[in-house]
Amino acid sequence: MKSCQARVLFAQAGAALAVAALLGGCGDNYRPVVTPIGTNGPPAQVGSYALVISSTGSTTAGVVTIIDYSGDSILNETPIGPGPKVFTIDSSGSTGYTVNSDGTLSNFSITAGLQAKQVSESTLPPTAQPVNLLAPSFGLWATDLNGDVIDVFSGSPAAFKLAIPVATSASPATMPVFVAGTATNSGQREYAVSQNVPDNAQLTCNISPTTAPTGVATPIELSSNTTDPAIPVGKCPVFGVQTPDLQRLYILNRGDSTLTVIDTRNNTPDTCTPFQNQNGNWITCHPTIQLPAGSGPVTAEYNAATEQLVVANYDGGTISVVNVPLDEYGNDSNTYTNSNCTTYAACGAVTGGFGTVTTIKVGNTATPGPASVTVLADGSKAYSANQNDDSGTGSGTVTVVNLHTFTVEKTLTVEGHPRTIVNTQNSEFAKVYAASPDSPFITIIESSPTVTDQIDTTVLLEGTPVDIRTTTQNGLSGNNNYSSRVPGYGQPCNLPGATQLTSIAQCQAIP
């Protein structure tokens, strides 16, 4: 009897346990809730392109070639206007522009899916003679030798809006060859750079720059499209660089191998009586920075990471690294031999501050003709495109300069005689692109922690390059090269032997 009762109690207990187990397994309310933790991978690389405009002849359609940064592959080839002569992209890296041989202006969006039907055409003034384009994030500006004016374009596609005269009775301002200034409409003005040589003497600053008169930079107010009094610069000004903080503008004067410094906050030359800033440091100003005699500067890049201006000296066969730091108040940052000084002479030589110049020989020959220079975004290296550095190979070179030690690391032979060199730098990898007007190949140089400036590949184009640009710098959207110019007018010609040329047509000829 007791045994049976025990079995019944055991069975009942087992049933209770079974029911409890069943209830415990019903629904998620009785389970611990587990929240998965997602893993975060590296951020996506910013899309980067190299864009090349190539010409197939003065009457046939040019071609825009879009090259992928990461894979060095051609993503797109699209026809544009006939015989493109000038090409640049805007400072936002979103739109490209070309001036064509038939007097038209091509506009196109920078996208891998670009099609011919998306290329817009507008017309220039009927008698326009444009030699330079400036493409800020708003509008488009072109220097025009016909009437010595600056043509301003607006809208999308960009259409001619008005012509701004830069010549006055007080300042002839003939031969306007370059517009430099703000990249965004947050700035106040652009500057038209004029050489003051006759408009029909288009090779004066190529053949005899040292005998030319001094030029001027004419400020143009963005709010009113009117000009301010011209600012004197050096002989044969050919190029200008605006700093991203909009505090200084540097004009390159090929004729006297100087840099004119304009304080763009005050719209005046960078002049002052020596004074002490709020920290008690002695400050002087530098309206002119002298490069070595015979340098012949033609192009430059400003590097914000190191506050240096790196200049390509075409006539001297060198590049110059110019320190141009500012203090926290926007003054030239200086270190002087004598601190308690009241005149420039008494202050003594600059020993590392604003205006210090270090010059490095580039190329393999005595006259390499560096026509262009580009600087990696971290300020570690510079690359010069040596157009005339042909020692019997039929090609020019690119010299790699270490900007920490101011020494040449190597010189590479590239395709053709390079006139333009640009770079894009994303993450730890850098790509450098050299374009030569006498070769259908773009040379791509790679620099990374594991690859030390080796030629990565060459890309075959349809036609020969007019110019090349990249859409990103330092992994950020945008572009810091937003101007372009045609050969001649003091800019290096397409072919070696610029001093032997006698006509602008010969200077600009492409074989």
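The coordinates are above.
Residues numbered from 1 in each chain as written. Predicted model: local features only at pLDDT ≥ 70, side-chain atom pairs only at ≥ 80, totals over all residues. Heavy atoms only, no water.

**Points about the overall build of the chain**
Counting its regular elements, the chain contains 4 helices and 39 strands. When the 511 residues of the chain are sorted by exposure, 55% land in the buried category. Partitioning the contacts of the chain with sequence separation of at least 6, the portion at a separation of at least 24 is 52%. (Helix = DSSP H or I, 4+ residues; strand = E, 2+ residues; numbered from the N terminus. Buried < 20%, exposed > 50% of the residue type's maximum accessible area, 1.4 Å probe, protein only. Contact = heavy atoms within 4.5 Å.)

**Comments concerning unusual backbone geometry**
Note that the residue after S156, namely P157, is joined by a cis bond; omega there is 5°. The residue P157 is located in the loop between β10 (149-154) and β11 (159-165) in this model. If you check the backbone angles, F406 has positive phi at about 55° while not being a glycine. The class for F406 is partly exposed, based on a relative accessible area of 29%. Phi is positive for D453, which is not a glycine, with a value near 50°.

**A look at the sheet that holds strand β1 (residues 49-55)**
Backbone-to-backbone hydrogen bonds join strands into a sheet, with any given pair of strands oriented parallel or antiparallel. Strand order in the open sheet formed by 4 strands is β3-β2-β1-β36, and the pairing between neighbours is antiparallel. For this open sheet the edge positions go to β3 (74-82) and β36 (464-470), each flanked by a neighbour on one side alone. Between one strand axis and the next, the sheet turns by 20° as a mean value, whatever way the strands run. Strand direction decides the pairing type here: β1 and β36, joined by 6 bridges, are antiparallel. Following the sheet pairing, S54 is matched in β36 by P465. (Pairing = 2+ DSSP bridges. Axes fitted to C-alpha atoms, helices over the stretch in contact; angles between N-to-C directions.)

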